[in-house]
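# Architecture at a glance
Read off the chains here:
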Amino acid sequence: MMKKRILVLGDIHGNLTHLIKALDLAGFEPGDTLIFLGDYINRGNESREVLNWLLEIKKTGEHVFLRGNHEDMILKLLAGEAQHWYNWLEYGQGRNCMKSYGYDPGRIFYREEGYYLKKNEEDIALNGRETQIFIRQLFPEDHLAFFQETMITYETDDYFFCHAGLESGLNLSEQGVYSDALILWGDEDFLRDRNDYGKTIVYGHYHQKEPVIQRNRICLALEDAVAVLSIPEGIIYDSLGRTFNVIKAL
Ligand SMILES: [Mn+2]
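Cut-off values and rules
- Residue numbers run consecutively from 1 along every chain, following the written order of its sequence.
- The predicted nature of this model means local features are confined to residues of pLDDT at least 70 and side-chain atom pairs, given and counted, to a pLDDT of 80 or more, with totals for whole chains, interfaces and linings taken over all residues.
- Side-chain numbers come from the whole structure's heavy atoms, not from hydrogens or water.
- Per the convention used, a helix needs a DSSP run of H or I reaching at least four residues, while a strand needs a run of E reaching at least two, with both numbered from the N terminus.
- In this description the radius of gyration comes from C-alpha coordinates, and the expected globular size is given by 2.2 Å times residues to the power 0.38.
- Relative accessibility thresholds used throughout: buried, under 20% of the residue-type maximum; exposed, over 50%; partly exposed, between the two (1.4 Å probe, protein chains only).
- By definition in these notes, contact holds between two residues if any of their heavy atoms fall within 4.5 Å.
- Because water is not among the atoms used, a metal site may look incomplete, as its donors are only the N, O and S atoms within 2.8 Å, or 3.2 Å for Na, K and Ca.
- Here a salt bridge means any side-chain nitrogen of Lys or Arg lying within 4 Å of a carboxyl oxygen belonging to Asp or Glu.
- As a rule, the C-alpha atoms of each element are fitted with a line to give its axis, helices using only the stretch in contact, and angles between N-to-C directions run from 0 to 180 degrees.
- Here roughly perpendicular refers to angles of 65 to 115 degrees, roughly parallel to angles under 35, roughly antiparallel to angles over 145, and oblique to all remaining angles.
- Left-handed describes a crossing whose near helix is turned anticlockwise from the far helix through less than a right angle; right-handed describes the clockwise counterpart.
- Charged residues are taken to be Asp, Glu, Lys and Arg, nonpolar residues to be Ala, Val, Leu, Ile, Met, Phe, Trp, Tyr, Cys and Pro, and polar residues to be all remaining types, Gly included.
- In this scheme, strands are said to pair when DSSP sees at least two bridges between them.
- Those domain boundaries reflect an automatic or database domain assignment.
- Defined here as a combined quantity, buried area equals the accessible surface (1.4 Å probe) lost by two parts on assembly, summed across both.
- Stacked, tilted and edge-to-face pairs are distinguished by plane angle, under 30 degrees for stacked and over 60 for edge-to-face with tilted covering the rest, among Phe, Tyr and Trp rings (Trp via its six-membered ring) whose centres lie within 6.5 Å.
- Only when the NZ atom of a Lys or the CZ atom of an Arg is both within 6 Å of the ring centre and within 35 degrees of the ring normal do we say a charge sits over the ring.

Here we take up the overall build of the chain. Within the chain, the regular secondary structure consists of ten helices and 14 strands. Compactness check: the chain gives a C-alpha radius of gyration of 19 Å against a globular reference of 18 Å for 250 residues, within 12% of the reference. Residues counted as buried form 53% of the 250 residues belonging to the chain. At a minimum sequence separation of 6, the contacts of the chain that also span at least 24 residues come to 61%.

Structure representation (structure tokens):
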């Protein structure tokens, strides 16, 4: 019997077309295990479509869905942490996400100390309570449950998977135990870290023109494209039709 393949997917960011193209080019077949590195939403125009697709694929196998900082923002807003509005709207391009869920993002605006929502004739301050109400109304329940069920890290015998990298100086077994902040949002120390952790770290978050392949790490976050790492072959396929040989590069 052929050994089961693992396909690892970098950041998707509301881009269903590129997600499907990358999987097609990687030769995805039922039976392959998919590991997603997080950042499913925002930026692109198809956040809702990506989520619907993920919920379908989740039913078909033992796939792994990690959390990215973009899902973290939604969960924080859902918890009533209104200070994350700025991150979501201005840094995360959350207005594109809202639009895909059928909401007119022009109704949310900034005024002096925070964000407001135009509701009928009223301007409603998006405080903690109103933020929770808004997020619960914007996203279907099963989409919010999907965000909540995402994992922070995952590992196999040879690889360690996370969204934005490690908390430098901690063993792999301690990653995410004390805090998930650096794993979800990234850290300069990790970018300089050339330690051998005993496994190859596979992460996303830092979007670049090409995947980064170094001795202890592989970064799969691309600008305007989706990358798929095929294990055990060690080939990265992307939605632009390119391939990168991991084994040769190492
Ligand atoms: Mn990202």
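What follows continues from the structure just given.
For the peptide bond that leads from Ile231 to Pro232, omega is 15°, which places it in the cis range. Unusually for a residue other than glycine, His13 sits at a positive phi of about 50°.

Now for the coordination of the manganese ion. Looking at the metal site, the manganese ion is ligated by Asp11 (OD), His13 (NE2), Asp39 (OD) and His207 (NE2), spaced 2.1 to 2.5 Å from it. In primary-sequence terms, the residues that donate to the manganese ion follow D-x1-H-x25-D-x167-H. Just as Asp11 is buried, His13 falls in that class too.

Moving on, we get to the pattern of salt bridges. Side chains that differ in charge, positive against negative, can pair when their charged atoms come close. Counted according to the given criterion, the structure contains twelve salt bridges. A salt bridge links Lys58 to Glu149; the shortest N-O distance between them is 2.7 Å. With Lys58 in helix 2 (residues 47-58) and Glu149 in helix 7 (residues 141-149), this pair connects stretches of sequence that are 91 residues apart. Between Arg95 and Glu90 there is a salt bridge; the shortest N-O distance is 3.6 Å.

Further remarks concern the packing of helix 3 (residues 69-78) against helix 7. One way to put it is that helix 3 packs onto helix 7 with a least axis distance of 10 Å and a crossing angle of 115°. Classified by the interaxial angle, the pair formed by helix 3 and helix 7 is roughly perpendicular. Crossing handedness for the pair helix 3 and helix 7: left-handed. Taken together, the residues of helix 7 that come into contact with helix 3 (itself represented by Glu71, Ile74, Leu75 and Leu78) are Leu144, Phe147 and Gln148. Tallied by class, residues from the contact of helix 3 with helix 7 come to five nonpolar, one polar and one charged.

Before going further, it helps to examine the sheet that holds strand 14 (residues 243-245). If you trace the six strands from one edge of the open sheet to the other, you get 3-2-1-12-13-14, paired in mixed fashion. Looking along the sheet, the strands with just one partner apiece sit at the ends: strand 3 (64-65) and strand 14. Across four bridges, the pairing between strand 12 (residues 227-231) and strand 13 (residues 235-238) is antiparallel. Counterpart to Val228 in the pairing with strand 13 is Tyr237.

By the element assignment, Trp85 lies in helix 4 (residues 85-91). In this view, Trp85 contacts Leu77, Met98, Ile108, Tyr115, Leu126, Thr131 and Phe134; residues no more than four positions away in its chain are not counted.

This paragraph deals with the domain arrangement of the chain. For the chain, the assigned domains read domain 1 (6-67 + 150-249) and domain 2 (71-139). Every contact between the two is made by 17 residues of domain 1 and, on the other side, 15 residues of domain 2. A combined buried area of about 1400 Å² lies between domain 1 and domain 2, and 51% of that area is made up of carbon and sulfur atoms. Counting the surface domain 1 buries against domain 2, the share from its top three residues, Asn42, Arg43 and Trp185, is 43%. Where domain 1 meets domain 2, there are zero salt bridges.

Now for the packing of aromatic side chains. Applying the stated criterion across every chain yields a total of 20 aromatic pairs. Residues Tyr159 and Phe161 carry aromatic rings whose centres are separated by 6.1 Å and whose planes lie at 25° to one another, so their mutual orientation is stacked. On the basis of relative accessible area, Tyr159 is assigned to the buried category, the value being 13%. Phe161 gets classed as buried once you look at its relative accessible area, which sits at 0%. The lysine or arginine in question, Lys118, covers the ring of Phe109, its NZ or CZ lying 4.6 Å from the ring centre.

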